[in-house]
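Next come the chains, spelled out residue by residue.
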Amino acid sequence: KDFDCLTIKKERYVPVDPAHPVAVLWETRASRGGNTVMCRIDFYGENRETVRGEYQFRSSVDPTQPTLFQRNAHLASARMPAKTKFLRLSFHHCPKESDEFPGEVANVRVVDLVGEVGAVLAKQKDTLAARAAAGEEDVLAYVSDNLTDSFPVMPESAAVPGKAGDTLKVRECAGEKTRATVVLWSKRAHWPVTVEFTDLKRGPLGFGGTIPASALRAKIVKAHYQAEGTPGGFLALSDKQVLIPELLLNDDSLVVPDHNGNRNLVKCQADGTSWYVDVNTLGHMPWAFRMPVSQMPITDAKTLLPFGLEAGLNKQIMIRLAVPKNAMPGVYKGKILFRSGSSGQATVIASVPLELEVLPFELPAAAETVYDPKREYTMGLYTWACPYADGTEAYYSPMARSREQALNEWKTLVDNGVTYPAFIWSGGIVFNDAKFREHLALAREAGFPGKVLHLGASGHIGNATDSAALEKKKAELKRAMDVAKEFGYDDVYFYGFDEAKGDRLLSQITAWKAAHEVGAKVMVSGYSQHFKLVGDYLDLCVYADDAGSANPAQWHSKGARLWKYNTPQTGPEDPGIFRRNYGLDIWKRGFDGANTYCDVGSSACWNDVAGVQKLSATKKAGTAYRSLCIVYPTTDGVIETLALTGLESAIKDVRYMTKFRQLLRAKPNAAAQAWFDGLKPETDDLAKTRRETIDWILRLR
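Quick caveat: nothing in here was measured; it's all calculated off a predicted structure.

Calculation criteria
Residues numbered from 1 in each chain as written. Predicted model: local features only at pLDDT ≥ 70, side-chain atom pairs only at ≥ 80, totals over all residues. Heavy atoms only, no water. Helix = DSSP H or I, 4+ residues; strand = E, 2+ residues; numbered from the N terminus. Buried < 20%, exposed > 50% of the residue type's maximum accessible area, 1.4 Å probe, protein only. Contact = heavy atoms within 4.5 Å. Areas by Shrake-Rupley, 256 points an atom, 1.4 Å probe, with all protein chains shown as cover. Lys, Arg positive; Asp, Glu negative; His and termini not counted. Charge placed at Lys NZ, Arg CZ, Asp CG, Glu CD. Pairing = 2+ DSSP bridges. Phe/Tyr/Trp six-rings, centres within 6.5 Å; stacked < 30°, edge-to-face > 60°. Lys NZ or Arg CZ within 6 Å of the ring centre and 35° of its normal. Axes fitted to C-alpha atoms, helices over the stretch in contact; angles between N-to-C directions. Core = buried A, V, L, I, M, F, W, Y, C linked by side-chain atoms within 4.5 Å.

A. Spatial organisation of the overall build of the protein. Check the secondary structure of the protein and you find 15 helices and 38 strands. Reported as C-alpha extents along the three principal axes, the dimensions of the protein are approximately 80 × 75 × 65 Å. Residue burial in the protein is summarised as follows: out of 701 residues, 54% are buried. Taking the contacts inside the protein whose residues are at least 6 apart along the sequence as the reference set, 75% of them involve residues at least 24 apart. A total of about 29,800 Å² of accessible surface is found on the protein, and carbon and sulfur atoms cover 51% of it. Charge separation in the protein, taken as the distance between the mean sites of 86 positive and 83 negative side-chain charges, equals 3 Å.

See the structure below:
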């Protein structure tokens, strides 16, 4: 009639068990401002008679990115009658007169979750049994080599990684850094608690070599209040805030969650005094507002400070291991000791055995793309940080920092494998020789490698068409390239108009041609239509649409590269999303790298509901972004997050896979090739995939 409707074939009755948790999963998008589709579920009995029909609801989609396929999930069993034996799905629009443009549906699945739920319940049962059996003085320690699990460890979680008393086993190559996690739980409160590492010794009595305790460090994984929408979304669903683990802190008292007010109190320190600020009272700040850090001096400690254990609650600890370059292969053993009490009288309340297997091979410094071993797969990030004016004043601002703030943020990115950022430096920097040199020198000091420089500020090239303006622009680009070459950058990518479409996109072609005449390269964010419209002129497309809609081979046929961003943008706290969506999944699809937005996207990033507060103040309807950040600025640098470790794991996954494929090319192996061909990074357990990759590397050697 007046509905567009897509229904599963009549013979496709999906068998379900009403006693099980059953979910319906699908992806959807709505183009050109259209409404998202409705999902309808009909339930049927043993003889396929209707026991309930027309249960329907609307899909959810981010209205700011309507062309991006986004995942939806619905627990169908919550509305499933007890007599149900089958269900059928339909997707439809509202009446045509109210839905002018079409929506799309993909990857529809009906999933019985009883196995997953059973595993969680079994882990909860084991955990609770261990806790019940613990003596009053006992502190239980749970360990895992996977810090990027999407299942968050909450203070009250009954299901935590590993089993109490397990040995923490980690595998890594010499010269590499890796992370693991320990979750502590105690029947009674302890204060102060300190962490101590022993030296790690190889072989009996350590005669096979020693890795010093200084190669290990720890931080607190801090849960704090963030806008409703965590941990997977970058939109604030309301002004409510929920508790979620995110920050990696040396000072556990730097952020104090107020559970009565669902807010965060952040410690400020100056002139020997300290006080706490409710960061939600900061309100919304204009995007480029430069708030001096002196108004809110947030500074984390340089090393882990003593912390407390609350009775009956979890405390998650991040363990960082830096394997020396000269470490010999083999298993190194030591301990992580947790002590409670004042100095000189502290007693060990938990002792975690640690085994580090230093692998007998080196990882390649550069990851290879899946389609061409001569091309590098890179991990980037749109990065605003740069020194402001003379570089001495410190601000909370995406684009205005002190020299110390910018340098320490960049060092943090390098330490996490984000080595090819798109620096969002304005034309006032790039086309000013002195300022450009200062920024390039600082980038090299931070440790950014490579011979390619990516500049991510919108409009570096512009869209001039008259000959005089084009000649001036060519001279500007050539001069900037000459300065960059002084610092070892052989290729420089300049940015077009960000996410431009239609006539605005096409208006740049003449200027892009001129840029190519002087050897400059062109990059910009874009969509699936960019290849058809500007594929002959764009050297690097930072792809915003769903990865499945891309055709990397098309871009490669033109000699161009394809990066991925916007799945998601920063803000979500879930490290598993970033590991999955910017690592092996897009790598195997043929992408050349990842470069999502951004490091710090708001001056008010410590206030995750600032966007909602702005809408409320203006009484406007609309959608508010959460704070788009993957690090949190401080007076002298940044605080790391779990999401950043997701990017670190993503690029490390690809480097291990690069080593595997190098060996496979040198020594073909049918079983190894079959394993690789069967990988499904979109859904596989990536920690398990990493372990299996290492196993195959050892076999192929």
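B. Representation of the pairing of strand β11 (residues 177-186). Extensive coverage of β11 is indicated by the burial of nine of its ten residues. Pairing geometry for strand β9 (residues 139-144) and β11, over six bridges, is antiparallel. Pairing of Leu-140 across the sheet is with Trp-185, part of β11. Pairing geometry for β11 and strand β23 (residues 314-322), over nine bridges, is antiparallel. What sits directly across from Ala-180, in β23, is Ile-319.

C. Quick peek at the packing of aromatic side chains. Evaluated as defined, the whole model comprises 23 aromatic pairs. A ring pair is formed by Trp-26 and Phe-91, whose centres lie 5.8 Å apart and whose planes are at 55 degrees; its orientation type is tilted. Highlighted residues: Trp-26 in strand β3 (residues 22-30) and Phe-91 in strand β7 (residues 86-92), separated in sequence by 65 residues. Residue Trp-26 is classed as buried on the basis of its relative accessible area of 2%. Centroid distance Tyr-382 to Tyr-495: 6.1 Å. Interplanar angle 85 degrees. Geometry classified as edge-to-face. Of this pair, Tyr-382 sits in strand β27 (residues 376-383) while Tyr-495 sits in strand β31 (residues 491-495), and the two are 113 residues apart along the sequence. Each member of the pair Tyr-382 and Tyr-495 is classed as buried. Within the aromatic cluster, the residues linked to one another by ring pairs are Trp-410, Phe-423, Trp-425, Phe-436 and Phe-448. Between Arg-504 and the ring centre of Phe-497, over which it is positioned, the NZ or CZ distance is 3.8 Å. Across from the ring centre of Phe-676, 4.9 Å away, lies the NZ or CZ of Lys-588, which sits over that ring.

D. Examining the sheet that holds β11 more closely. If you walk across this open sheet you meet the five strands as β9-β11-β23-β15-β17, and the pairing is antiparallel. The sheet terminates laterally at β9 and β17 (241-249), the two strands that pair on one side only. Direction aside, neighbouring strands of the sheet carry axes that sit 30 degrees apart on average. Note that strand β15 (residues 216-227) and β23 share five bridges and pair antiparallel. When the bridges of β23 are listed, Ala-218 appears paired with Ile-319. Contacting β11, β15, β17 and β23, helix α13 (residues 642-666) crosses the sheet at an angle of about 60 degrees to β17.

E. Molecular detail of the nonpolar core. With 132 residues, the main nonpolar core has Trp-410, Trp-425, Phe-436, Phe-494, Trp-606 and Phe-660 as its most contacted residues. Broken down by element, the residue count for this core peaks at eleven residues, all from α13. Ignoring sequence-local partners within four residues, the contact set of Trp-410 consists of Thr-383, Ala-385, Cys-386, Pro-387, Phe-423, Trp-425, His-439, Leu-442, Ala-443, Ala-446 and Phe-448. Of all hydrophobic cores here, the second largest spans 34 residues; its members include Val-193, Ile-211, Leu-321 and Phe-338.

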